[in-house]
Amino acid sequence: MPTQKKAAKTYLPPERHAQLEALAASEGQTVSVLLGRLIDLALDGEEAPVQPRRPLSRARREGKVTVRLAADVRQDLEGEARSQGVTASTWAAVLLSARMRNAPQMVSGERRGVRAAYRQLRGLAVNANQIAYALNRGVLTGAGADLTKAEVEGLRQDIAKLRMALSVYAEGRFQFQSGEGEQP
């Protein structure tokens, strides 16, 4: 089970923050990871465990592959990439990653949308649980007090259907990206 973490906030003048970002980048870390290490050092009085260095760019971390394509294949790739709102190189990486990982690879805008949808569904599920809890305790008053157990259960089922629809969407993305189900 993942550990629970709590944010520790501080405000710095812009020039100090820029220095902190530069130091973190030189260590191949985020500001958050660097601050965590510094806090560990201050509180423990000993060397904090060194986090593995993160590369400065995704290209260096993940590597590069160069391929030569026939003109018609390149045009098709560029057309698909444009329809997804990304470059041909990014789209080729998405397609190859989907195939090699056997999982859908969302492009950045799409990824944000899917994450936002899951966040919204999680919020709806929490609200449904709170409503059910209040109904069970008999403390729900006002317009919501007329809800029945069946209506709350219907709400939960609707949320489960939306979650399933999002999963089906992701599966469809994978089939599209990997070419499954296409006839040659």
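Because the structure is a prediction, the values reported are computed rather than measured.

*Asks:* Just give me the short version of the overall build of the protein chain, but keep the residues and values in it.
*Replies:* Helix and strand counts for the protein chain come out as 7 helices and 0 strands. Taken across its 184 residues, the protein chain has 18% of its residues classed as buried. Counted over contacts in the protein chain with a minimum sequence separation of 6, partners at least 24 positions apart contribute 47%.

*Asks:* I'd love a proper account of the pattern of salt bridges, names of residues and values included.
*Replies:* In this structure the tally under the stated criterion is 1 salt bridge. With its nearest N and O atoms 2.6 Å apart, the salt bridge here joins Glu 78 to Arg 74. Residue Glu 78 and its partner Arg 74 are located together in helix α4 (residues 71-84), separated by 4 residues, close to a single helical turn. A relative accessible area of 26% places Glu 78 in the partly exposed class.

*Asks:* Quick rundown of helix α5 (residues 88-101)? Include the residues and the values.
*Replies:* Along its 14 residues, α5 runs 20 Å from first to last C-alpha, staying within 8% of the 20 Å computed at 1.5 Å per residue. Along α5, the residues classified as buried are Ala 88, Trp 91, Val 94, Leu 95 and Ala 98. Along α5, the residues classed as buried sweep out an arc of 125 degrees about the axis, all on the same side. For α5, the exposed residues set more than 90 degrees away from the buried face come down to Ser 89, Leu 96, Met 100 and Arg 101. Looking one or two residues beyond α5, the residue adopting positive phi is Asn 102, at roughly 55 degrees.

*Asks:* Before we move on, could you go through a nonpolar patch on the surface and cite the residues and values that matter?
*Replies:* Side chains of Val 65, Val 67, Leu 69 and Val 73 sit close together on the surface and give an oily, nonpolar patch of about 360 Å² of accessible area. Positionally, Val 73 belongs in helix α4. Looking at Val 73, the relative accessible area reads 39%, which means it is partly exposed.

*Asks:* Please set out the packing of helix α1 (residues 14-26) against helix α2 (residues 31-44) residue by residue, giving values where relevant.
*Replies:* As a packed pair, α1 and α2 sit with axes 9 Å apart at the nearest point and diverge in direction by 90 degrees. As far as their axial angle goes, α2 and α1 are roughly perpendicular. Contacts from Leu 20, Glu 21, Leu 23 and Ala 24 in α1 reach Val 31, Leu 34 and Leu 35 in α2. Class assignment of the residues belonging to the contact of α1 with α2 gives a composition of 6 nonpolar, no polar and 1 charged.

*Asks:* Mind laying out a positive patch on the surface, listing which residues take part and the relevant values?
*Replies:* The grouping of Arg 111, Arg 112, Arg 115, Arg 119, Arg 122 and Arg 163 at the surface amounts to a positive patch. No other element matches the 5 residues that helix α6 (residues 108-137) contributes to the positive patch. For Arg 119, the position within the fold is in helix α6. In this structure Arg 119 comes out as partly exposed when scored by relative accessible area, which is 48%.

*Asks:* Any details on the nonpolar core? Residues and values, ideally.
*Replies:* Within the largest apolar cluster, 8 residues are counted, these being Leu 77, Ala 81, Val 86, Ala 88, Trp 91, Val 94, Leu 95 and Val 107. Looking at this core, the elements with two or more residues in it are α4 and α5. The element contributing the most residues to this core is α5, with 4 residues. Sequence-distant contacts of Trp 91, that is, excluding residues within four places in its chain, are made with Leu 77, Glu 80, Ala 81, Gln 84, Val 86, Val 107, Arg 173, Phe 176 and Gln 177. Judged by nonpolar contacts, the second largest core, of 5 residues, contains Leu 121, Ala 125, Ala 128 and Ile 159.

Definitions and cut-offs
- Residues numbered from 1 in each chain as written.
- Predicted model: local features only at pLDDT ≥ 70, side-chain atom pairs only at ≥ 80, totals over all residues.
- Heavy atoms only, no water.
- Helix = DSSP H or I, 4+ residues; strand = E, 2+ residues; numbered from the N terminus.
- Buried < 20%, exposed > 50% of the residue type's maximum accessible area, 1.4 Å probe, protein only.
- Contact = heavy atoms within 4.5 Å.
- Salt bridge = Lys/Arg side-chain N within 4 Å of Asp/Glu carboxyl O.
- Expected span 1.5 Å × (residues − 1).
- Arc of directions from axis to C-beta.
- Patch = residues over 30% accessible without salt bridge, like charges linked within 9 Å, V, L, I, M, F, W, Y side chains within 5 Å.
- Areas by Shrake-Rupley, 256 points an atom, 1.4 Å probe, with all protein chains shown as cover.
- Axes fitted to C-alpha atoms, helices over the stretch in contact; angles between N-to-C directions.
- Parallel < 35°, antiparallel > 145°, perpendicular 65-115°, else oblique.
- Nonpolar A, V, L, I, M, F, W, Y, C, P; charged D, E, K, R; others polar.
- Lys, Arg positive; Asp, Glu negative; His and termini not counted.
- Charge placed at Lys NZ, Arg CZ, Asp CG, Glu CD.
- Core = buried A, V, L, I, M, F, W, Y, C linked by side-chain atoms within 4.5 Å.

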